[in-house]
Amino acid sequence: MFRFSKTLDPITLFHSPSLASSTRALNILKQASSTAGETATEDQASDHSRHAKQQRGEFELEVTTSPPTTDQLRSILDYISPLSGVGGQGEKATYGVAELVKGARDAEDALKKFKEDNESFTRPVTVDWVNGRAVIGDGESEILRMVRQLPTY
């Protein structure tokens, strides 16, 4: 019988190999990806059903040194908005925009500055496209929280 395999959720790292923070983010993501692919071994008799439901499982790690497209940047800006509940809350959201695109005052200004010079885009940025989440920088706990948890509705 033929079965379609489930596609893995893509998580993208906008990476700069010359930055230590970006290399750290990449290592965190690689470790999380390999951990997500492992199955229970020693403790297989235990009930993992509750724990498994709270975990994403495997994901597809995409690493790019290219800047995002304008449409991708729009999505990332939405993901760090205070309404998304991820990447920024209230005042932190404006800080997140300025952190994402150097010197930007708000999302509109970020898009303008990015179109003028896409090197104004800060790296590393980790993006979970399916669940609408983004993490700016190499914060291990934030990255792991994003890649391990399923969305809460």
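Keep in mind that what you see is a predicted model, and the values were worked out from it rather than measured. (Residues numbered from 1 in each chain as written. Predicted model: local features only at pLDDT ≥ 70, side-chain atom pairs only at ≥ 80, totals over all residues. Heavy atoms only, no water.)

Peer 1: Lay out the overall build of the protein chain in plain terms, naming residues and giving numbers.
Peer 2: Regarding its fold elements, the protein chain presents 6 helices and 4 strands. In the protein chain, the succession of α and β elements from N to C terminus is β-α-α-β-α-α-α-β-β-α. Once local pairs closer than 6 in sequence are excluded, the contacts in the protein chain between residues at least 24 apart make up 61%. Carbon and sulfur atoms make up 49% of the accessible area of the protein chain, which amounts to about 9600 Å² in all. (Helix = DSSP H or I, 4+ residues; strand = E, 2+ residues; numbered from the N terminus. Contact = heavy atoms within 4.5 Å. Areas by Shrake-Rupley, 256 points an atom, 1.4 Å probe, with all protein chains shown as cover.)

Peer 1: Let's hear about the packing of aromatic side chains: which residues, and what values?
Peer 2: Counting across every chain of the model gives 4 aromatic pairs. Here the aromatic rings of Tyr 79 and Trp 129 are separated by 6.2 Å at their centres, their planes lie at 65°, and the arrangement is edge-to-face. In this pair, Tyr 79 sits in helix α3 (residues 70-79) while Trp 129 sits in the loop between β3 (125-128) and β4 (133-136), placing the two residues 50 residues apart along the sequence. Taking the relative accessible area as the measure of exposure, Tyr 79 reaches 14% and is therefore buried. Site record: aromatic cluster; members linked through ring pairs are Phe 14, Tyr 79, Phe 114, Phe 121 and Trp 129. (Phe/Tyr/Trp six-rings, centres within 6.5 Å; stacked < 30°, edge-to-face > 60°. Buried < 20%, exposed > 50% of the residue type's maximum accessible area, 1.4 Å probe, protein only.)

Peer 1: So what about unusual backbone geometry? Which residues, and what values?
Peer 2: Here Arg 123 and Pro 124 are connected by a cis peptide whose omega angle stands at 0°. Mapping Pro 124 onto the fold places it in the loop between α5 (107-116) and β3.

Peer 1: Explain α5 to me, using residue names and the numbers behind them.
Peer 2: Where α5 is concerned, the buried positions are Asp 109, Ala 110, Leu 111 and Phe 114. Here α5 starts with a cap whose side-chain oxygen sits 3.3 Å from the backbone nitrogen of Glu 108, and that cap is Asp 106. (Polar contact = N/O pair within 3.5 Å; in protein donor to acceptor, adjacent residues only side chain to side chain.)

Peer 1: Got a sec to walk through the pattern of salt bridges? Specific residues and values, please.
Peer 2: In this structure the tally under the stated criterion is 4 salt bridges. Here Asp 138 makes a salt bridge to Arg 24, at a shortest N to O gap of 3.6 Å. Placement of the pair is Asp 138 in the loop between β4 and α6 (140-148) and Arg 24 in helix α1 (residues 20-37), with a sequence separation of 114 residues. Looking at Asp 138, the relative accessible area reads 25%, which means it is partly exposed. With a relative accessible area of 39%, Arg 24 lands in the partly exposed category. With its nearest N and O atoms 3.0 Å apart, the salt bridge here joins Asp 71 to Arg 74. Of the two residues, Asp 71 and Arg 74 are both situated in helix α3; the distance of 3 residues between them amounts to about one turn of the helix. Look at Asp 71 and you get exposed, because its relative accessible area is 55%. Linked by salt bridges that have partners in common, Arg 24, Asp 138 and Glu 140 make up one network. (Salt bridge = Lys/Arg side-chain N within 4 Å of Asp/Glu carboxyl O.)

Peer 1: Requested: an account of the confidence of the model for the protein chain, with residues and values cited.
Peer 2: Mean pLDDT over the protein chain: 80, with 71% of residues reaching 70 or higher. The least confident element of the protein chain is helix α2 (residues 49-53), whose mean pLDDT is 47; the most confident is β3, at 96. Here residues 39-45 is a poorly scored stretch, pLDDT under 50, and it has 2 contacts once near neighbours within four places are set aside; other chains count. Note that residues 49-53 has pLDDT below 50 and, in this model, 1 contact with residues that lie over four places away or in other chains. (pLDDT = per-residue confidence, 0-100.)

Peer 1: Can you break down the nonpolar core residue by residue, with the values?
Peer 2: In this structure, Leu 73, Ile 76, Leu 77, Leu 100, Phe 121 and Val 125 are the most contacted members of the largest nonpolar core, which totals 18 residues. Breaking this core down by element, the ones donating at least two residues are α3, α4 (91-100), α5, β3 and β4. At 4 residues, α3 tops the list of elements feeding residues into this core. With residues up to four places along the chain from it excluded, the contact list for Val 125 reads Thr 12, Leu 13, Phe 14, Ile 76, Leu 100, Val 135 and Ile 136. Listed in part, the 13 residues of the second largest apolar core include Ala 25, Leu 26, Val 135 and Leu 144. (Core = buried A, V, L, I, M, F, W, Y, C linked by side-chain atoms within 4.5 Å.)

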